[in-house]
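Take a look at the letters that make up each chain.
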Amino acid sequence: MAMWQFEPEVVAGLLIATSLYVAGVRKGGAEKWWRHALFFGGLAALALALLSPIEPLADHVFAIHQFEHMLLRSIGPMLLLLSQPQAALMRGMPDRLRRGAFQPFVSSAGVRKTFGFFSQPVVATLMFIGISWFWMMPRWHDIAILNEPIHYTWHVSLLVSGLFFFSVIFDPRSAPAGPRLGSRLVMFWCAAMGNILLGAFLTFKGMPIYHASDVMGQKFELDAVTDEPIGGRTMCIPGCMIFAVAAILLLHRWGVDEERSAERRRRMGTADAHAASRSANLARSNRALAVALGSFVVLVLFVVLTSAVLYDHELGPSGSVFATASPPDSYR
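All values reported here derive from a predicted model rather than from experimental measurement.

1. So, the overall build of the chain
Here comes step 1: Tallying secondary structure elements over the chain gives 14 helices and zero strands in all.
Here comes step 2: In the chain, the succession of helices and strands from N to C terminus is α-α-α-α-α-α-α-α-α-α-α-α-α-α.
Here comes step 3: Within the chain, buried positions represent 40% of all 332 residues.
Here comes step 4: When the accessible area of the chain is evaluated, it comes to approximately 18100 Å², of which 68% is carbon and sulfur surface.

2. Examining the side chain of Gln66
Here comes step 1: For Gln66, the location among the structural elements is in helix 4 (residues 62-82).
Here comes step 2: Leave out the neighbours within four places in its chain, and Gln66 touches Met136, Gly231, Thr234 and Met235.

3. Observations regarding the environment of Trp189
Here comes step 1: Counting through the fold element by element, Trp189 comes out in helix 11 (residues 181-204).
Here comes step 2: Given the relative accessible area of 27%, Trp189 is considered partly exposed.
Here comes step 3: C-alpha of Trp189 to C-alpha of Ala244: the two residues are 55 residues apart in sequence and 9.1 Å apart in space.

4. A closer look at the packing of helix 8 (residues 121-135) against helix 10 (residues 148-169)
Here comes step 1: For the pair helix 8 and helix 10, the least separation of the axes is 9 Å and the interaxial angle reads 155°. By the angle class used here, helix 8 and helix 10 are roughly antiparallel. Relative to helix 10, helix 8 is oriented so that their crossing is left-handed. From helix 8, Pro121, Ala124, Thr125, Met127, Phe128, Ile131, Ser132 and Trp135 reach across to helix 10, where they touch Ile150, Thr153, Trp154, Ser157, Leu158, Ser161, Gly162, Phe164, Phe165, Phe166 and Val168.
Here comes step 2: Grouping the constituent residues of the contact of helix 8 with helix 10 by class yields 13 nonpolar, six polar and no charged.

5. Comments concerning the nonpolar core
Here comes step 1: Within the largest apolar cluster, 60 residues are counted, with the highest numbers of intra-cluster contacts made by Phe166, Phe170 and Phe188.
Here comes step 2: Only helix 1 (8-27), helix 2 (33-51), helix 4, helix 8, helix 9 (138-146), helix 10, helix 11 and helix 13 (224-268) provide two or more residues apiece to this core.
Here comes step 3: Excluding anything up to four places from it in sequence, Phe166 contacts Arg73, Ser74, Pro77, Met78, Leu81, Phe128, Phe188, Phe243 and Ala246.

6. Topic: a nonpolar patch on the surface
Here comes step 1: On the surface, Trp4, Leu48 and Phe67 cluster together to form a nonpolar patch covering roughly 310 Å² of accessible area.
Here comes step 2: Along the chain, Trp4 falls in the segment before helix 1.

7. A look at the packing of helix 9 against helix 10
Here comes step 1: Interhelical geometry of helix 9 versus helix 10 gives an angle of 115° and a closest axis separation of 5 Å. Touching His141, Ile143, Ala144, Ile145 and Leu146 of helix 9 are Glu148, Ile150, His151 and Trp154, all from helix 10.
Here comes step 2: When grouped by side-chain class, the residues that make up the contact of helix 9 with helix 10 number six nonpolar, two polar and one charged.

8. Quick notes on unusual backbone geometry
Here comes step 1: Phi at Gln84 is positive, roughly 50°, even though this residue is not glycine.
Here comes step 2: Tracing the backbone through its elements, the reader meets Gln84 in the loop between helix 4 and helix 5 (86-92).
Here comes step 3: Given a relative accessible area of 26%, Gln84 falls into the partly exposed group.

9. Thoughts on the confidence of the model for the chain
Here comes step 1: Considering every residue of the chain, the mean pLDDT works out to 80; 76% of them sit at 70 or more.
Here comes step 2: The least confident element of the chain, judged by mean pLDDT, is helix 14 (residues 273-315) at 58; the most confident is helix 8 at 96.
Here comes step 3: pLDDT under 50 marks residues 317-332. Its contacts with residues more than four places away, or in other chains, come to 30 contacts.

10. Here's the deal with helix 4
Here comes step 1: With 21 residues, helix 4 extends 29 Å between its outermost C-alpha atoms, agreeing within 8% with the 30 Å of an ideal straight helix rising 1.5 Å per residue.
Here comes step 2: At Leu71, helix 4 shows its largest kink, close to 40°.
Here comes step 3: The element helix 4 is largely enclosed, with a buried count of 18 among its 21 residues.
Here comes step 4: One or two residues past the end of helix 4 sits Gln84, with phi positive at roughly 50°.

11. Regarding the pattern of salt bridges
Here comes step 1: Taken as a whole, this structure holds three salt bridges when the rule is applied.
Here comes step 2: Residue Asp171 pairs with Arg173 through a salt bridge whose shortest N-O separation is 2.8 Å.
Here comes step 3: Under the relative-accessibility criterion, Arg173 is labelled partly exposed at 47%.
Here comes step 4: Here Glu228 makes a salt bridge to Lys205, at a shortest N to O gap of 2.5 Å. Of this pair, Glu228 sits in helix 13 while Lys205 sits in the loop between helix 11 and helix 12 (212-216), and the two are 23 residues apart along the sequence. Each of the two residues, Glu228 as well as Lys205, counts as buried.

Calculation notes
- Residues numbered from 1 in each chain as written.
- Predicted model: local features only at pLDDT ≥ 70, side-chain atom pairs only at ≥ 80, totals over all residues.
- Heavy atoms only, no water.
- Helix = DSSP H or I, 4+ residues; strand = E, 2+ residues; numbered from the N terminus.
- Buried < 20%, exposed > 50% of the residue type's maximum accessible area, 1.4 Å probe, protein only.
- Areas by Shrake-Rupley, 256 points an atom, 1.4 Å probe, with all protein chains shown as cover.
- Contact = heavy atoms within 4.5 Å.
- Axes fitted to C-alpha atoms, helices over the stretch in contact; angles between N-to-C directions.
- Parallel < 35°, antiparallel > 145°, perpendicular 65-115°, else oblique.
- Left-handed = near helix turned anticlockwise from the far one by under 90°.
- Nonpolar A, V, L, I, M, F, W, Y, C, P; charged D, E, K, R; others polar.
- Core = buried A, V, L, I, M, F, W, Y, C linked by side-chain atoms within 4.5 Å.
- Patch = residues over 30% accessible without salt bridge, like charges linked within 9 Å, V, L, I, M, F, W, Y side chains within 5 Å.
- Salt bridge = Lys/Arg side-chain N within 4 Å of Asp/Glu carboxyl O.
- pLDDT = per-residue confidence, 0-100.
- Expected span 1.5 Å × (residues − 1).
- Bend = angle between axes of the 7 residues up to and from the residue.

Structure follows, in structure tokens:
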């Protein structure tokens, strides 16, 4: 029976983040309760992925492994960055540490340049999708499952790519300091399509392609011909639902910010007719882009799911397309 794990570095990281956040909230002004809920929800998602029975089971069940990565790569980072905890975490640091080490470090030209590069929408999106696809290559997937240090690197890379991706998505700065709404929505669309394409491939492929479970052993009487397509559907359906929810939250926050900006301009008397017209046109364009991107993702997802149902119905339970492939000699 799988048990909760005790990984010292993971537990220490979660406790440090909790302590800094709580200390920062106590030092700062009143925060909205939902920000606290999002932050601790994000930490809970990471703990669930890395410390709960999900972690040991993931090495034996491909579908559970995909759920673990969803927590680590998408759900945890999304909740953490939605809470906008940066100010609270900074305030929570001891003054000597913040002023003597942290601020000089993050203010250095090299660090700012590095973070600026990886925080570009194109780079953050390519890293988010590319790292996931790289580790799903059969060779690297099996090596990582069977090698603990490489498996650890896998998890770290997924978490880092998720944090960069959602830090750009939920950057509180509006354009031009932050990405435009259209750029953020395109990032969502690309991430969703990455999940759909990879998940569809895993659902429809003709034979098992991962063989680490032959060494680790399967759980729950699942074999690879059943387990891997379930993992593919997990990427397609819950994975894309996460991006849909995040996109809705982004659009809601953008709408609230637009209303506040318009109200502020009216109060200051600086919103002339031309500026108001330009703002209205931009708002309509962004809404149209959001609807178009969302509709396309939903359409592709519908086609994938419909094809999967029809495909399984046509083949039946004994469809020969799911013939089991022999594992390579290195895994026997």
